[in-house]
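Listed below are the residues making up each chain.
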Amino acid sequence: MPDHDVQHSADRTKPALALSGGGFRATLFHCGALIRLNELGLLTRFERISSVSGGSIAAGMLAATWKRLVIKDGVITNLGAAVIDPLRVFCTRSLDTSAVGWGALLPGVSVGDMLADAYDDLFGGITLQDLPDSPQFVFNATNLQTGRLVRLQKRRLADYTIGEIQNPKVRLAVAVAASSAFPPVLSPVEIVTDPGSWRKLKGAIHHGDPAYTGKLSLTDGGAYDNLGLETVDDFRTIVVSDAGAPFGTEEEASGFWPKQAMRALDIATDQARGLRKRLLFAECAASGRQPVYAGIDGDPAAYPAPQGLKAGPARRRALARMRTRLNPFSEAEQGQLINWGWLAMDVAARSFLVPGAAPPTEFPVPAFPLDDR
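Predicted, not measured: the structure shown is a model, and the values here were computed from it. Sequence order as written defines residue numbering, which begins from 1 separately in each chain. A pLDDT threshold of at least 70 governs which residues receive local features in this predicted model, and a stricter bar of 80 or more applies before side-chain atom pairs are shown or counted, although totals over entire chains, interfaces and linings include all residues. Excluded from the side-chain calculations are hydrogens and water; all other atoms, namely the structure's heavy atoms, are used.

Engineer: Go over the packing of aromatic side chains with me, naming the residues and quoting the values.
Structural biologist: The rule is short: rings of Phe, Tyr and Trp, with Trp giving its six-membered ring, pair when the centres are within 6.5 Å, and they are stacked under 30 degrees, edge-to-face over 60, tilted in between. Enumeration over the complete set of coordinates arrives at 8 aromatic pairs. For the pair F24 and F329, a centre-to-centre distance of 6.4 Å together with 75 degrees between the ring planes defines the contact as edge-to-face. Note that F24 is positioned in helix 1 (residues 23-39) and F329 in the loop between helix 10 (313-320) and helix 11 (331-352), a separation of 305 residues in sequence. Of the residues examined, F329 reaches a relative accessible area of 2% and is grouped as buried. Put simply, the rings of F24, F90, Y119, F123 and F329 touch in pairs and so form one group of aromatic residues. A ring has a charge above it when a Lys NZ or an Arg CZ is no more than 6 Å from the ring centre and no more than 35 degrees off the ring normal. The residue whose ring lies beneath R323 is F329, and the NZ or CZ to ring-centre distance is 3.9 Å. In DSSP terms, a helix is any run of H or I states spanning at least four residues, a strand is any run of E spanning at least two, and both are numbered starting from the N terminus. Each residue is placed in one exposure class: buried if its accessible area under a 1.4 Å probe, protein chains only, is under 20% of its type's maximum, exposed if it is over 50%, and partly exposed if it falls in between.

The following block contains the structure:
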């Protein structure tokens, strides 16, 4: 798929990381993936980190603290204290219900506004311009007006049907809120823009149209690309942490129309996610690349890397089907999701990126092993 990054500001010969959507479940699964990538000395090597929804919460915290991280021999020594611990505390909050409740009660304040304000508890009001130049952090949202991807990053805000705004003055919390505003409950997140600030790109059919250039109405990036792949799929090395929900069948369809609508949305999302995944593997195979894919519904035994630690099949299935809401996750749920994301990324990375690395012997949260007890 086209990246539409006309100037190719990023070095595609370096690795890129994609963090999928999936609410707080995804945030915690990705915490484990980030921990393992860091332990293997890989986290500091990414040229671009692309994220969606729950993945954008994790990426946002990493981006917000990047300039304060301590790196020694390619490994971040304070990742736990600076990134993982604050995210775990944040994942004990009732974010979705509070945003909806206050957004409905307070005059002149939307649900999207409340969601962004909650994220500022993590990010402290910083903007995209406060982020590092490298790695490039890209937060993906969906434009409800054009139906296309909107990328929010330090150097640009872009919808390729409208154009781009260079060096946008957007709060990081707003970018993450737009990326994680699950429809229809938490969206839209609105961003007001100066119509004269849009730069035309090739194929920008709505460029100069005031109906599209004055305000963006954004929803969860997963509505367009739940894996966050479109902005990284042409990099030589692509690492994917996928905490998206596996699709489940239902023996009897509900006659209640809201449940039918949600079921139809689940079907559409599953199809889009499946197509993205198949295209990733097909494009990589055609170009001689090997994607490094760690999925929440995967099986470590399917990877060639030797393993010491195990994850029981029943435990894996339960974690893959855990709720995707932005509501409180218990200490046990957090520990197991972090351990599973860590183990899934471990076998993927040791299989295809660092095959000489020794298998680990202890989970990052030892109190919550992944057996089927």
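Engineer: I'd like a description of the environment of T27, backed by residues and values.
Structural biologist: With respect to the element layout, T27 can be found in helix 1. Between the C-alpha atoms of T27 and G54, which are 27 residues apart in sequence, the distance is 4.9 Å. Leave out the neighbours within four places in its chain, and T27 touches G54, I57, A58, L87 and C91. In this description, contact between two residues means that some pair of their heavy atoms is separated by no more than 4.5 Å.

Engineer: Give me the packing of helix 1 against helix 2 (residues 54-65): which residues, what numbers.
Structural biologist: Between the N-to-C directions of two axes lies an angle of 0 to 180 degrees, each axis being a line fitted to C-alpha atoms and, for a helix, fitted only over the stretch in contact. Contact geometry of helix 1 with helix 2 gives a least axis separation of 6 Å together with a crossing angle of 45 degrees. When the axes of helix 1 and helix 2 are compared, the pair comes out oblique. Judged by the sense of rotation from one axis to the other, the crossing of helix 1 with helix 2 is right-handed. Residues G23, F24, A26, T27, H30 and L34 of helix 1 form the contact with helix 2, whose own contacting residues are G54, G55, I57, A58 and L62. Here the contact of helix 1 with helix 2 is built from residues that sort into 6 nonpolar, 5 polar and no charged. Here the angle decides the label: under 35 degrees means roughly parallel, over 145 means roughly antiparallel, 65 to 115 means roughly perpendicular, and every other value means oblique. Left-handed describes a crossing whose near helix is turned anticlockwise from the far helix through less than a right angle; right-handed describes the clockwise counterpart. Residues are grouped as follows: nonpolar covers Ala, Val, Leu, Ile, Met, Phe, Trp, Tyr, Cys and Pro; charged covers Asp, Glu, Lys and Arg; every other residue, Gly included, is treated as polar.

Engineer: Talk me through the environment of T161; I want residue IDs and the actual numbers.
Structural biologist: For T161, the location among the structural elements is in the loop between strand 7 (156-159) and strand 8 (163-166). Looking at T161, the relative accessible area reads 6%, which means it is buried. For the pair T161 and I205, spaced 44 residues apart in sequence, the C-alpha separation works out to 5.3 Å. Excluding anything up to four places from it in sequence, T161 contacts T146, R148, G203, A204, I205, H206 and H207.

Engineer: Give me helix 5 (residues 111-123): which residues, what numbers.
Structural biologist: Counted at 1.5 Å a residue, the expected span for helix 5 with its 13 residues is 18 Å, and the 18 Å between its end C-alpha atoms agrees. Burial of helix 5 is extensive: 10 of the 13 residues sit out of reach of the surface. All of the buried residues in helix 5 are V111, G112, M114, L115, A116, A118, Y119, D120, L122 and F123. Where helix 5 begins, the capping side chain belongs to S110, and its oxygen is found 3.3 Å from the backbone nitrogen of G112. Trailing helix 5 by a residue or two, G124 shows a phi angle of about 65 degrees, which is positive. Expected span of a helix: the number of residues minus one, times 1.5 Å. Between N or O atoms, a polar contact is any pair within 3.5 Å; within protein, one atom must be a potential hydrogen donor and the other a potential acceptor, and residues adjacent in sequence are included only when both atoms are from side chains.

Engineer: Please provide a residue-by-residue account of unusual backbone geometry, values included.
Structural biologist: In the segment running from S134 into P135, the intervening peptide bond is cis, with an omega of 0 degrees. Within the fold, P135 resides in the loop between helix 5 and strand 5 (136-143). Across the junction of S187 and P188, the peptide omega takes the value 5 degrees, indicating a cis bond. Within the element layout of this structure, P188 appears in the loop between helix 6 (172-179) and strand 9 (189-192). Non-glycine residue N167 carries a positive phi angle of around 50 degrees. Take N167: it is sitting in the loop between strand 8 and helix 6. N167 gets classed as partly exposed once you look at its relative accessible area, which sits at 39%.

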